[in-house]
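Chain by chain, the residues:
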Amino acid sequence: MTAVVSAPGAPARPTVIDRIGAAHIPLAAVLLLYPAFASDFFLTQIGGYSLIFGMIGLSLMVLAGYGGMVSLAQITVAGIAGYAVAILGLNNSGVHGFGWPWWIVVPFAVLLAATASALIGWIAVRTEGIYTIMITLAIATAAFYFAQQNYTIFNGFPGFNGLRAPEFWGVNWRDPVPFYYLCLGCAALAYAAVLYCSRSTFGLTLQAIRDNPRRMRAIGYHVTAHKVFAWFLAGLIAGLAGVLLIWFNGRVSPGTINVAAAINVLVIAVIGGLKHPVGPFLGAVVVVLMQTFAIDIVGAERFNTLIGLVFLAIVFVSPDGLLGLWSRLKPHLAQQPLRSGP
Amino acid sequence: MSESVAARLQGTGANALELDGVARHFGALVALTGISMRIAAGERRAVLGSNGAGKTTLFNAITGDFMPTAGRIKFFGEDITDLPPHERIRRGLRRTYQISQLFKGLSVLDSIFLACRGVSRRRFSLLRPAVTDVSMAQAESILNAVHLEGDRDTLVATLSHGQQRQLEIALALAGAPRFILFDEPAAGLSPTERRDLVAILNALPKHIGYIIIEHDLDVALRVSDYVSMMHNGRLFKEGTPREIEADPQVQEIYLGGRHG
């Protein structure tokens, strides 16, 4: 074996800041200090809600960005976790509500969602491209109608209400500041995990399968098994976000998992960009801000048109979403003048 | 003639690959029919034939990319006819492709690392590979063997055609192969790159056998110790490189007449 010799001028061993990524430090500072200058409304309705939808978008980014599998069923997976919490925990609807403690319900709900995601994936990976979108849309639609029409398990149209984040460690996690930090903690965990795993063996495997599944088979990989495992991991993130979502809403109903919500997740991921895990969070902030304030700008009848036009403008200018826009602007911002002053 | 070929001809060597009556039909089109061949362990075989002779289909049948319509395939004595492609790879079979099949979004080193990991138990690891990782060390070693050490962190999509062909070979060398199918590895290479290719093939450890499909006779005959000729989906002649080169029928079909 030939010894590998470092080339002259090779970069020095990375420091801790290099490993974390220098840009993450100011970002973390802003997010941690956000409650200091944000009102309760901005803390939960914008901050918390964006982080939750950012996580669901992140689960799609894992599948689509790294795995090349565009899914419209991520909100369905989140909804499965949400329904599990409502049924197994406590609710005010007088149906089910077994009252299991949160520390059993939450892991169970997240694992159930991830398992369901793996099952959806197992069906969807038989297809590629547009057909994956179609099959996951079919699954999402079927889940919506099933939840709406089934009263025995899902309590039909009204679903379950009175769902609350638990109190533990002396903190009521439903209060705005704790709930924001809960969402931030979960989102940061999911983001860091995805960023780390993107360079793990499995992360590289998934990207290689996206690029060339045939070659992956030819170097010994069971492509279907790896894709299904990616669905399982994405399901963990979507499931965790689903639990936060129903705590945020205080309820879960078929409306939580309808087709409009499914498309919303896709829009968030596409607007933000699928090339980096930060993309879905950027997309979620833009979408949540637009959905909250467009109505104030153009009134109740036209706000969806404005939202649509903004999305169209972003995708038209940059097909890679906001991340693509940034990567195009970056060289111009970093450009040094050819000559220093006169 | 190498010892393994001598052993094969005497019928005493262990066969790396045995094909019995392998056929592959695409509807009414007969791409392969009645292919039977024995290749000893460590033997280096060239398969020649004009375009459409069925050479690449033969490779696809051996690797499981296409299941054969009829016939059986044995790999080191084990019947692999019904195994999926990844199971055949895990038994030590490798291949390269006529048109490079690479991972455009990954770096050169990551690509070779994945090829090394493909046959290990840590394929699903969610941990980043350590610098001391065995697969990473193997990948670095293969990188040097195919002369890509200067491009270890280069994105595959930005490699030149010649470098992509080298990476094709690197992926096939990863993870302790026992037998490799090279599908036109010299396609599109410059004369210098062809010389490098011949050097790489000749430098392979002796226990690694291969079949090479190659239109460049200079390359094919210099890196093989036995040659099979295909035409219209059938094997029609076998012999040493010298016998094949001198055969008038081969020259008629493959070279369009006597040459030299």
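Residues numbered from 1 in each chain as written. Chains lettered and ligands numbered in written order. Predicted model: local features only at pLDDT ≥ 70, side-chain atom pairs only at ≥ 80, totals over all residues.

## Thoughts on the interface of chain A and chain B
Let me state the cut-off plainly: Our contact criterion uses C-beta atoms placed from the backbone: two residues qualify when those atoms are within 7 Å. Put simply, DSSP H or I for four residues or longer makes a helix, DSSP E for two residues or longer makes a strand, and each gets a number counted from the N terminus. Note on residue categories: nonpolar means Ala, Val, Leu, Ile, Met, Phe, Trp, Tyr, Cys or Pro, charged means Asp, Glu, Lys or Arg, and polar means any other residue, Gly included.
In this assembly, 24 residues from chain A lie in contact with 32 residues from chain B. Elements represented by at least two residues in the side of chain A that touches chain B include exactly α7 (176–197), α8 (201–211) and α9 (213–218) of chain A. The greatest single-element share of the side of chain A that touches chain B, amounting to seven residues, is contributed by α8(A). Split by residue class, the side of chain A that touches chain B holds eleven nonpolar, eight polar and five charged.

## Here's the deal with the pairing of strand β2 (residues 29–40) of chain B
Residues and elements named next belong to chain B. How we decide: Strand pairing is defined by DSSP finding a minimum of two bridges between the two strands.
As paired elements, strand β1 (residues 15–26) and β2 share eight bridges and run antiparallel to each other. Looking at the pairing, arginine 24 lines up with leucine 32 of β2. Linking β1 back to β2 in an antiparallel pair, the connection comprises two residues, with glycine 27 at a positive phi of about 60°.

## Focus: helix α6 (residues 130–149) of chain A
Residue and element names in this part refer to chain A. Note the following rule: For a helix, the expected span equals 1.5 Å multiplied by the residue count minus one. Put simply, a residue is buried when 20 or more other C-beta atoms lie within 10 Å of its own C-beta and exposed when 12 or fewer do; between those, it is partly exposed, and each C-beta is set from the backbone. Think of it as the arc spanned by the lines of direction from the helix axis to the C-beta atoms.
Over its 20 residues, α6 runs 29 Å from end to end, which matches the ideal 28 Å to within 8%, given 1.5 Å per residue. Considered for burial, the residues of α6 that qualify are Thr132, Thr136, Ile139, Ala140, Ala143, Phe144 and Ala147. The buried residues of α6 all sit within an arc of 135° when viewed along its axis, so they share a single face. α6 presents Ile130, Tyr131, Ala142, Tyr145 and Gln149 as exposed residues on the side facing more than 90 degrees away from its buried surface.

## Thoughts on the domain arrangement of chain B
Bring the parts together and some accessible area is lost; that lost area is often taken as the interface size. All names here are of chain B. Definition in use: Note that domain bounds follow an automatic or database assignment of domains.
Examined at the domain level, chain B breaks down into domain 1 (1–92 + 177–260) and domain 2 (102–174). A C-alpha centroid distance of 26 Å is found between domain 1 and domain 2. On the domain 2 side, the residues contacting the eleven residues of domain 1 number twelve residues. Broken down by secondary-structure element, the contributors of at least two residues to the side of domain 1 that touches domain 2 are α3 (85–90) and α7 (191–202).

## Topic: unusual backbone geometry
All names here are of chain B. For alanine 176, which is not glycine, the phi dihedral falls at a positive 50°. Mapped onto the elements of the fold, alanine 176 is located in the loop between α6 (161–173) and β7 (179–183). Among the residues examined, alanine 176 registers 12 C-beta atoms within 10 Å and is labelled exposed. Although it is not a glycine, asparagine 232 sits at a positive phi angle of roughly 50°. One can find asparagine 232 in the loop between β9 (226–231) and β10 (234–239). By C-beta crowding, asparagine 232 is classed as partly exposed, having 15 other C-beta atoms within 10 Å.

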